[in-house]
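Tertiary structure, described
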Amino acid sequence: EWNRVEGLYGYKISSKKTGKSIFLPAAGMIAVDGPHNSTLFCNYWTSSLFDQNEQYYAYSFVYTADGKEGTEYISNTYRYLGMTIRAVCDKPVTE
(Lines give C-alpha, C1' and ligand atoms only; values in the text may rest on other atoms or scores of the structure.)
Protein backbone atom coordinates (compact mmCIF):
# COMPACT_ATOMS: atom_id res chain seq x y z
CA GLU A 1 0.00 0.00 0.00
CA TRP A 2 1.11 3.59 -0.70
CA ASN A 3 2.13 5.24 2.55
CA ARG A 4 3.90 8.21 4.10
CA VAL A 5 6.51 7.61 6.80
CA GLU A 6 8.43 10.48 8.43
CA GLY A 7 7.58 12.76 5.51
CA LEU A 8 8.63 10.28 2.80
CA TYR A 9 6.18 8.65 0.43
CA GLY A 10 6.68 5.03 -0.47
CA TYR A 11 5.29 1.54 -0.73
CA LYS A 12 4.68 -0.69 2.28
CA ILE A 13 4.82 -4.40 1.51
CA SER A 14 3.38 -6.76 4.11
CA SER A 15 3.66 -10.53 4.38
CA LYS A 16 0.33 -12.32 4.28
CA LYS A 17 1.90 -15.11 6.37
CA THR A 18 3.67 -13.24 9.17
CA GLY A 19 2.26 -9.73 8.95
CA LYS A 20 5.80 -8.30 8.92
CA SER A 21 6.43 -5.47 6.50
CA ILE A 22 9.11 -3.37 4.84
CA PHE A 23 8.82 0.21 3.61
CA LEU A 24 10.28 1.09 0.21
CA PRO A 25 10.71 4.87 -0.08
CA ALA A 26 9.78 6.45 -3.41
CA ALA A 27 13.15 7.18 -4.94
CA GLY A 28 12.48 7.15 -8.67
CA MET A 29 15.54 6.53 -10.80
CA ILE A 30 18.50 8.31 -12.35
CA ALA A 31 18.78 8.28 -16.14
CA VAL A 32 21.34 9.88 -18.44
CA ASP A 33 19.44 13.19 -18.36
CA GLY A 34 18.99 13.26 -14.55
CA PRO A 35 16.48 12.14 -11.89
CA HIS A 36 12.99 10.91 -12.82
CA ASN A 37 9.80 10.30 -10.82
CA SER A 38 11.39 10.75 -7.41
CA THR A 39 8.13 11.20 -5.49
CA LEU A 40 5.67 8.95 -7.35
CA PHE A 41 7.69 5.88 -8.29
CA CYS A 42 9.43 3.18 -6.30
CA ASN A 43 12.06 1.74 -8.60
CA TYR A 44 14.15 -1.06 -7.09
CA TRP A 45 16.56 -3.53 -8.63
CA THR A 46 15.93 -7.22 -8.10
CA SER A 47 18.81 -9.71 -7.93
CA SER A 48 17.93 -11.24 -11.34
CA LEU A 49 19.30 -10.51 -14.78
CA PHE A 50 16.87 -10.55 -17.70
CA ASP A 51 17.22 -14.04 -19.21
CA GLN A 52 17.02 -13.08 -22.88
CA ASN A 53 19.57 -10.25 -22.84
CA GLU A 54 21.43 -10.17 -19.53
CA GLN A 55 24.22 -8.04 -20.97
CA TYR A 56 21.87 -5.04 -21.11
CA TYR A 57 18.84 -5.75 -18.90
CA ALA A 58 17.97 -6.78 -15.36
CA TYR A 59 14.62 -7.13 -13.63
CA SER A 60 13.32 -4.31 -11.48
CA PHE A 61 10.35 -3.92 -9.16
CA VAL A 62 8.29 -0.81 -9.92
CA TYR A 63 5.42 0.70 -7.98
CA THR A 64 3.71 3.66 -9.61
CA ALA A 65 1.57 5.79 -7.30
CA ASP A 66 -1.59 7.50 -8.33
CA GLY A 67 -3.08 8.92 -5.16
CA LYS A 68 -3.74 6.07 -2.73
CA GLU A 69 -3.99 3.46 -5.47
CA GLY A 70 -1.19 2.40 -7.73
CA THR A 71 0.29 -0.29 -9.91
CA GLU A 72 3.07 -2.72 -9.09
CA TYR A 73 4.95 -4.78 -11.63
CA ILE A 74 8.25 -6.43 -12.50
CA SER A 75 9.99 -4.93 -15.53
CA ASN A 76 13.06 -5.69 -17.61
CA THR A 77 15.11 -2.51 -17.37
CA TYR A 78 18.36 -1.19 -18.85
CA ARG A 79 21.15 -1.88 -16.38
CA TYR A 80 22.71 1.56 -16.84
CA LEU A 81 19.75 3.25 -15.11
CA GLY A 82 20.31 4.20 -11.49
CA MET A 83 17.78 2.57 -9.19
CA THR A 84 17.66 1.83 -5.51
CA ILE A 85 18.86 -1.42 -3.98
CA ARG A 86 17.07 -2.62 -0.83
CA ALA A 87 18.98 -5.24 1.12
CA VAL A 88 16.69 -7.74 2.83
CA CYS A 89 17.65 -10.82 4.79
CA ASP A 90 15.49 -13.44 6.41
CA LYS A 91 17.59 -13.77 9.56
CA PRO A 92 18.83 -11.10 11.97
CA VAL A 93 22.44 -10.11 11.41
CA THR A 94 24.60 -10.78 14.48
CA GLU A 95 27.91 -9.16 15.20
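So, here is what we can say about the structure in this document. (Residues numbered from 1 in each chain as written. Predicted model: local features only at pLDDT ≥ 70, side-chain atom pairs only at ≥ 80, totals over all residues. Heavy atoms only, no water.)

Points about the pairing of strand β2 (residues 8-14)
For the record, the criterion: Pairing between two strands requires that DSSP report at least two bridges joining them. Secondary structure follows DSSP: runs of H or I at least 4 residues long count as helices, runs of E at least 2 residues long count as strands, and numbering of each begins at the N terminus.
Sheet topology places strand β1 (residues 2-5) next to β2; 4 bridges connect them, and they run antiparallel. Along β2, the bridge assignment pairs tryptophan 2 with tyrosine 11. Hairpin remark: β1 followed by β2, antiparallel, with 2 residues in the connecting loop; positive phi at glutamate 6, about 50 degrees. Two elements, β2 and strand β3 (residues 21-25), share 5 bridges in a ladder whose sense is antiparallel. Bridging from a neighbouring strand, isoleucine 13 pairs with isoleucine 22 of β3. Where β2 hands over to β3, the hairpin turn is made up of 6 residues, of which glycine 19 adopts a positive phi near 85 degrees.

A word on the packing of aromatic side chains
The geometry of an aromatic ring pair is captured by two quantities: the separation of the ring centres and the angle between the planes. Test applied: In this scheme Phe, Tyr and Trp rings, the latter by its six-membered ring, pair at centre separations within 6.5 Å, and the angle between planes marks the pair as stacked below 30 degrees, edge-to-face above 60, and tilted otherwise. Exposed residues in this analysis have more than 50% of their type's maximum accessible area, buried residues have under 20%, and partly exposed residues fall in between, with area computed by a 1.4 Å probe over protein chains only.
Scanning the entire structure with this criterion turns up 8 aromatic pairs. Aromatic side chains phenylalanine 50 and tyrosine 57 sit 5.8 Å apart centroid to centroid with 75 degrees between the ring planes, which places their arrangement in the edge-to-face category. Across this residue pair, the class does not change: phenylalanine 50 and tyrosine 57 are buried. Measuring from ring centre to ring centre gives 5.5 Å for phenylalanine 50 and tyrosine 59, while their planes differ by 75 degrees; the resulting arrangement is edge-to-face. Look at phenylalanine 50 and you get buried, because its relative accessible area is 14%. Counting every residue linked through ring pairs, the aromatic cluster contains Trp2, Tyr9, Tyr11, Phe61 and Tyr63.

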